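# Coordinates in review
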Amino acid sequence: MTEIPKNYDIKPTEEKWTEFWEEKKVYHANVRPDRKKYSIVIPPPNVTGILHIGHILNNTIQDLYARWKRMQGYEVCWVPGMDHAGIATQMMVEKDLASKGIKKEDVGREEFIKLAWEWKEKHGGHILKQLRKLGASVDWSKERFTMDEGLSKAVNEVFVDLYKKGLIYRGERITNWDPESMTTVSDDETFYKEKHDKLYYIKYFLKDSDEYVTIATTRPETMFVDVAVAVNPHDERYAKFVGKTVILPLANKEIPVIADEYVDKEFGTGVLKITPAHDINDFEVGKRHNLPVMSVVTKDSTLNKYGMEFEGLNIFKARKQVAEKLEQLGHIEKVEDYAHNVMYSEKSKAMIEPILSEQWFVSMKKLAEPAIKVVEEGRIKFYPEMWTKTYYHWMRNVRDWCISRQLWWGHQIPVWYHNETGEVYCDVKPPEDPENWTQDSDVLDTWFSSWLWPFSVFGWQNSEKDANNKELHYFYPTDLLVTASDIIYLWVARMIIAGLEYMKDIPFKDVYFNSLVRDGEGRKMSKTLGNSPDPLDVMDKYGTDALRFTLIYLAPLGNDVLYDEKKTEIGRNFVTKLWNAGRFLMMNYQKILGSSEYGSEPLDNDIVEKWIDSRFNSTLKDINTNLNDYRLNDYTKAMYSFVWSDFCDWYIELLKIRLDDNKDSAVSIIEKAMGIYENILKMLHPVIPFVTEELWHLLKDGRENKSISVQEFPEIAVEKIDPIIEDEFQNIINIVTSIRNLRSENNIVFTTKCNVIMHTDEDKIKFLDTYGDLISKMCNVDLSYSTSHDEPGNSISNVISGFVIYLLLEGVVDSEKQKEKYVKEIEKLESYLKGIDSKLTNTKFVENAPPEIIARERDKKKDTEDKLEKLRSKVT
RNA sequence: GGGCGGUUAGCUCAGUUGGUUAGAGCGCUACGUUGACAUCGUAGAGGUCAUUGGUUCGACUCCAUUACCGCCCACCA
């Protein structure tokens, strides 16, 4: 039989099992109609991504459930994969090219996409290799990529279908134009920074009148294409002007005065110029009032012909000159310094110019309705539940989704325009005479492929073939989605919509929003801050299990996790403890089997075994509840405290004594212990797979080709949960602790044997008859007891419920110090008793409180009075 | 500005339908290598549960208020 080595050699062990699991295809999932399935799709990480602590937490949670369910006999399918990450990938390739002094336009679109694929093959997907190291029990044969042929087909099918249903349309929209790199950029590629500008107060005169309104603007150069002046409908100052017309200075154009809620009465003058082409909010206002849209700023940030004499000028020059001209004409009321937030491009650091462009949109309102309903009805559950509020808030105010991106890397929009007629053609198949058509140059938002992920990964095709797709129908809908709450809009909501629209069923049953991992100071982990420890380093240093355990232990449902590397010690120490407990059991097991002095007589009616059975089963009950409720940290905490406190501190410590005292039953005792230990390994396997697999193999010969991950999860024996036994055992614990406390207070080391006398009542004598021996061995004392109340001389004592414990001392006892201790204790108990009495004498309490609460108070009162009486006798 | 959370021991956090002498880990103090574990053991110190009010026989727990902190969304002419 193998021995358990002194130290757990982490790295080679983890590598060994990673390889074993893959080689033996332990985690391959098949369609097995005879079994219940459990499926999870991974939130596809960016192909450009590298593993950070957040991923570790996210994937550990998924793995935990995959392993737990697998051990419960489910056919578990966990699908891995990656996202093509349009912007991020394109930027990587552009960067590569830039380092050689090449622009993407130089190589052309087709070649660029080829380079992107090459980049993906060469550098992409590190993150999945890293997930292997984490022990993620995914089915690698099912790995998917959002730009795979099948998934791309799904994207096209959905686009065309929505287009034909009229749910995809083309429209104008303000986009962020980066005049430096001459592209539009998404909101995520921008940042806001404070900029100091001038705020110009400009008079707009009413038509045929000396009356005027003053508008405040930072951008007078755009005023040529103002289409209205707006005031708040509740603003009495301007009510009389609404519906009238003002003359736009310089352009000399008539524009209406309109009323719109958007206008803030308090800001500036309370009058706003509406320039739909150059401001997103103005655009919305313009749409509400059916106002025309005209642009004056071009893509290279100069004014066009609407700028009249200022045509061709850069916006900053134009701003200055327009202001001067207005001043000359007497239109400027005043100019103020003004600091405001301005949007910049992450990429080029240039100021963003909002410009109008043609984009593709998904009309969301109608699609959102059923998606709201499935959450309202509880068919999809969110954990923690509070995120439903965020979900409803967004879904009930859902805006149309702009899905076109001005990029090359991604799914190119399946729309072609006729070169002569401009006719629009949209289909999954390109037009038959391609030379006459030009395909839309935009690609789709990356999320347009991700929202199909829960069914596209199983080969969904939007065709009759789906009816025969057994895998799709077996594994869909999935059971659990684990993701971060910040993509509840971007991803979760949209998957629900797509699932309902295309599978006619929800995409997942439970959604778990994992905690955000922050650093020790509560800051978000980020590359730029450099505060994110590399998980691979941590895994090397402490072990993968240690990191997994620690993160789950620290991550309560719904709160952020403050993590720093040092905290990984929690997990590492726990793994070490588990290892050593196993080692101790094995050493004894081998000793017992190898010697004839031990027998295998069954041991019956043993309180220690009854107690550990009770604790074991109640722990098992708790962790099942915790896991069902997604209270993962409670699961690890329950295991931690059971293993460390109950199993190691008490059960194993007692085992040492019991094996000596019951040599005839030693085999039965040690086998019982090993059985519980083996169950502990199974219960911990979902969170710490490597060390439990290793120990499980070391525990018994003949397991070479098996894995603990497909063993049965322990079943609860509820009838073994016994509160009376636990109470009785607690008495032993209390007595032992109290004796240790007396030793400790008087600096008597454990190796010094001493004498203890206990006094108790008639009814507790039997208890001491039974356990006195055990207690004395645990405390290294000679124990005697009686029902006497005479205080032995030269002793110190503790009073606990039902017992007075005297520790006899050799030398002189410091009676003053003793008294002090008792007086303090008496004071504490008296105030406690006062609290109880005030309740019990309160007639309202006695009338209203439930009887069991009153009974409990009376018990506490009696117990406290009893203790007090004994203590008082010592100080008088 | 809108929405959603949080505030419990020096630190990080539990405390699940209101009834415990409010718990854990780390840190701290004292002692200790007794047959697995110093990545350990034993014992101990440490909290008016952010504020103010309310509901209740009873509030860390429910309601309201204030203060501070955080997240998401929108970004103001």
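As the structure is a computational prediction, the values presented were derived from the model and not from experiment.

## Some thoughts on the overall build of chain A
Summing up its helical and strand segments, chain A has 27 helices and 29 strands in all. Looking at chain A residue by residue over its 876 residues, the buried ones come to 53%. Considering only contacts within chain A whose residues lie at least 6 apart along the sequence, 77% involve residues at least 24 apart. Of the roughly 41,100 Å² that chain A leaves accessible, carbon and sulfur atoms contribute 48%. Side chains of chain A carry 117 positive and 144 negative charges; the gap between the two charge centres is 0 Å.

## Notes on the nonpolar core
Ranked by size, the top nonpolar core spans 207 residues in total, and within it Phe448 and Ile496 carry the most contacts. The biggest single contributor to this core is helix α20 (residues 632–661), with 15 residues. Core analysis: the second largest hydrophobic core is formed by 39 residues, Leu206, Val246, Ala318 and Val322 among them.

## A look at the protein's contact with RNA strand B
Not every one of the 62 residues close to RNA strand B is listed here, only the nearest: Tyr338, Thr576, Trp644, Phe750 and Tyr832. Within 4 Å of the protein, atoms of RNA strand B come from sugar and phosphate in 58% of cases. The side chain of arginine 583 places a nitrogen or oxygen atom 2.7 Å from a sugar or linking oxygen of RNA strand B. Contact distances for RNA strand B include 3.3 Å between a sugar or linking oxygen and a side-chain N or O atom of asparagine 741. Going through the elements one at a time, β8 (212–217), β13 (332–345), α18 (569–593), α20, α23 (723–745), α26 (843–848) and α27 (851–875) are the ones with two or more residues in the surface near RNA strand B. Taken together, the residues of the surface near RNA strand B sort by class into 26 nonpolar, 14 polar and 22 charged.

## Focus: the confidence of the model for chain A
Here chain A shows a mean pLDDT of 88. Residues at 70 or above account for 97%. Listed scores for the predicted complex are pTM 0.90 and ipTM 0.94.

## Some details on the environment of tyrosine 192
Examined against the element boundaries, tyrosine 192 turns out to sit in strand β7 (residues 190–206). Between the C-alpha atom of tyrosine 192 and that of proline 292, which follows or precedes it by 100 residues, the distance is 29 Å. If we skip the residues at most four places from it in the chain, tyrosine 192 touches Asn341, Val342 and Met343.

## So, the side chain of aspartate 613
Mapped onto the secondary structure, aspartate 613 falls in helix α19 (residues 607–628). If near-sequence neighbours (up to four positions away) are discounted, aspartate 613 is found in contact with Lys672, Ile676 and Lys720.

## Observations concerning the packing of helix α16 (residues 535–542) against helix α17 (residues 544–554)
Running from N to C, α16 and α17 point in directions that differ by 115 degrees, and their axes come no closer than 6 Å. Here α16 lies roughly perpendicular to α17, going by the angle between them. Residues Pro535, Val538, Met539 and Tyr542 of α16 pack against Thr544, Ala546 and Leu547 of α17.

## A look at the sheet that holds strand β29 (residues 803–808)
Pairing within the open sheet is mixed, and its 4 strands lie in the order β27-β26-β29-β28. The outermost strands of the open sheet, each flanked by one partner alone, are β27 (781–786) and β28 (795–800). Neighbouring strand axes in the sheet, compared pairwise and without regard to direction, differ in orientation by 20 degrees on average. Set on the sheet, helix α24 (residues 762–779) makes contact with β26 (754–760), β27 and β29; between it and β27 the angle comes to about 175 degrees.

Criteria and cut-off values
- Residue positions are given per chain, counted from 1 along the sequence in the order it is written.
- Both sets of labels track the order of writing: A upward for chains, 1 upward for ligands.
- Since the coordinates come from a predicted model, pLDDT governs what is reported: local features require at least 70, and pairs of side-chain atoms require 80 or more to be given and counted, while whole-chain, interface and lining totals use all residues.
- As a convention, hydrogens and water are excluded, and side-chain values are obtained from all of the structure's heavy atoms.
- Under the DSSP-based scheme used, a helix requires at least four consecutive residues in state H or I and a strand at least two consecutive residues in state E, with every element numbered from the N terminus.
- Each residue is placed in one exposure class: buried if its accessible area under a 1.4 Å probe, protein chains only, is under 20% of its type's maximum, exposed if it is over 50%, and partly exposed if it falls in between.
- Residue contacts are counted whenever heavy atoms from the two residues lie within 4.5 Å of one another.
- With residues, only the protein chains shown are counted as cover, and all accessible areas are computed by Shrake-Rupley using a 1.4 Å probe.
- Only four residue types enter the tally: Lys and Arg on the positive side, Asp and Glu on the negative side, with His and both chain ends excluded.
- All charge positions are set by atom: Lys at NZ, Arg at CZ, Asp at CG, Glu at CD.
- The term nonpolar core refers to a set of buried residues drawn from Ala, Val, Leu, Ile, Met, Phe, Trp, Tyr and Cys, joined through side-chain atoms within 4.5 Å.
- One heavy atom within 4 Å of a molecule or strand makes the whole residue count as near it.
- Definition of a polar contact: a pair of N or O atoms within 3.5 Å, with one able to donate and the other able to accept a hydrogen when the atoms are protein atoms, and with sequence-neighbouring residues admitted only if both atoms are side-chain atoms.
- Each residue gets one of three labels, nonpolar for Ala, Val, Leu, Ile, Met, Phe, Trp, Tyr, Cys and Pro, charged for Asp, Glu, Lys and Arg, and polar for the others, Gly among them.
- One number per residue, pLDDT, summarises how confident the predictor is, and it ranges from 0 to 100.
- For every element, the axis is a line fit to its C-alpha atoms; helices are fit only across the contacting stretch, and the angle between N-to-C directions ranges from 0 to 180 degrees.
- Roughly parallel means an angle under 35 degrees; roughly antiparallel means over 145; roughly perpendicular covers 65 to 115; every other angle is labelled oblique.
- In this analysis, strands are considered paired if DSSP registers two or more bridges between them.

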